Every structure is written in structure tokens, then in C-alpha cells.
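# Descriptive structure summary
Each chain, written out:
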Amino acid sequence: METRTMRERMLSGELYIADDPELARDSQRAMALTHRLNSADPNDHELRRSLLTELLGAFGSDSEIRPPFRCDYGYQTFVGARTFANFGLISLDVARVTIGDDVQMGPNVQLLTALHPVAAGPRRDKWEAAKPIVIGDNVWLGGGVIVLPGVTIGENSVVGAGAVVTRDLPPNVVAVGNPARVIRAVEP
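These remarks concern the structure in this document. (Residues numbered from 1 in each chain as written. Predicted model: local features only at pLDDT ≥ 70, side-chain atom pairs only at ≥ 80, totals over all residues. Heavy atoms only, no water.)

### Focus: the sheet that holds strand β20 (residues 181–185)
Backbone-to-backbone hydrogen bonds join strands into a sheet, with any given pair of strands oriented parallel or antiparallel. The strand order across the open sheet built from 7 strands is β3-β6-β9-β14-β17-β19-β20, with neighbouring strands paired in mixed fashion. Edge positions in the sheet fall to β3 (64–65) and β20, since each has one partner strand and no second. Bridge count between strand β14 (residues 140–141) and strand β17 (residues 158–159): 2 bridges; the pairing is parallel. Bridge assignment links Leu 141 to a residue of β17, and that residue is Val 159. (Pairing = 2+ DSSP bridges. Helix = DSSP H or I, 4+ residues; strand = E, 2+ residues; numbered from the N terminus.)

### Observations regarding helix α3 (residues 45–55)
Taken together, the buried positions of α3 are occupied by Arg 48, Leu 51, Leu 52 and Leu 55. Buried positions in α3, seen along its axis, are confined to an arc of 95° and lie on one side of it. Looking at the buried side of α3, the elements it contacts are α2 (21–39), β2 (58–59), β3 and β4 (69–71). (Buried < 20%, exposed > 50% of the residue type's maximum accessible area, 1.4 Å probe, protein only. Arc of directions from axis to C-beta. Contact = heavy atoms within 4.5 Å.)

### Quick look at the environment of Trp 127
By the element assignment, Trp 127 lies in strand β12 (residues 127–130). In this structure, the C-alpha to C-alpha distance between Trp 127 and Val 159, residues 32 residues apart in sequence, is 32 Å. Apart from residues no more than four positions distant in its own chain, Trp 127 is found in contact with Met 6, Arg 9, Leu 15, Tyr 16, Ile 17, His 116, Pro 117 and Pro 122.

### Details of unusual backbone geometry
Note that the residue after Pro 67, namely Pro 68, is joined by a cis bond; omega there is 5°. Following Asn 178, the chain continues to Pro 179 via a peptide bond in cis, the omega torsion being 0°. Positionally, Pro 179 belongs in the loop between β19 (173–176) and β20. Its identity as a non-glycine residue notwithstanding, Asp 62 has a phi of 60°, on the positive side. Among the residues examined, Asp 62 registers a relative accessible area of 65% and is labelled exposed. The backbone of Asn 138 sits at a positive phi, close to 60°, despite the residue not being glycine. Secondary-structure assignment places Asn 138 in the loop between β13 (133–135) and β14. When its relative accessible area of 43% is taken as the criterion, Asn 138 is described as partly exposed.

Encoded structure:
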């Protein structure tokens, strides 16, 4: 008989059911904090930093996330130092989202860790899973970039606006398109 909670299953990357009271509490916490963040005075940098520090797993020094910002849980998103995310970042952090140092993100970037079964029965029964996302140091994600579950983007890489990143990108490349494909190396 299964003794692990749905939260424990989610955190271990296994199939779980999101309609769970413990996960609902975690989600409500994130919604309350993001509501406060998104409705805060845009000039109150201290309050915004305090809310992001409380919400996220880590929020590096001199980093900024411009509201509106949305996430599933918050505690699964880790942001390095000197990182900037423009308006409209979505971090569906069912699995861990790791954003390195000196990352730049244009508006409306989506980091999507959640997966749903392709088979109709388990999907109808509300089973889901997730795979982590890693954004390396000094990466630039253009406006509207979508990063799918399980993807790692190597350091110093640039992803063009509107690209959909479906698989890992190595360090030091420029990638564009849907699905994103490497078109050249980053010049030194």
C-alpha cells in the first residue's frame, strides 16, 4: 500500500494527483503571494524583493522579476544573482526550475515543467508528472520563449523570441524556431 503523499510523489518526479489538500494549500500560498506581488506598488522594490524571497526557493542578489509573475508553488523555482525577468514570466514549477546567474528573460517567457499522460484513462483520472528545467548562467531568452519539461539550456546561450525549446540546448549557441534549433555558435 502506498504511504507517500501526493506532494512527496510530485517532488520525486513520479505520477501524482494534483487535487490533493496539501498541494492545494501550497498552491493557495503561491497564489496569495503572487497576488500581493502583482498588485504591489512597482516602486516598492523592498516589498517586491521580500515577497519573492518568501515565495521562491531562492532569489539571488540584484535579481528582478517584473510583475505580473505566476507560478504553481514558488518553492520549486530557484533564481540566481543578477537575473532579470521582464513582464509576464510564468514558472509552472511542479518540478524544480533552476535559473542561473545573469540570465535575461524577455516578456511572456513560459517555463513549463508539467506533463500529462498521453493515455486518456490516466489523464482523465487526473494523474500528472513533471520534469525539471535548468537555465544556465548568462542565458538570454527572448520574448515569448517557451521552455518545455525536462529541458536544460547551456550557459551563454541565446534563444530567439517566440522559440519553443523542446530539447536540451548546449552552451554557447543561438537557437530559434518551433521547435528551437541551433543556428550558430555565440560569438566570443
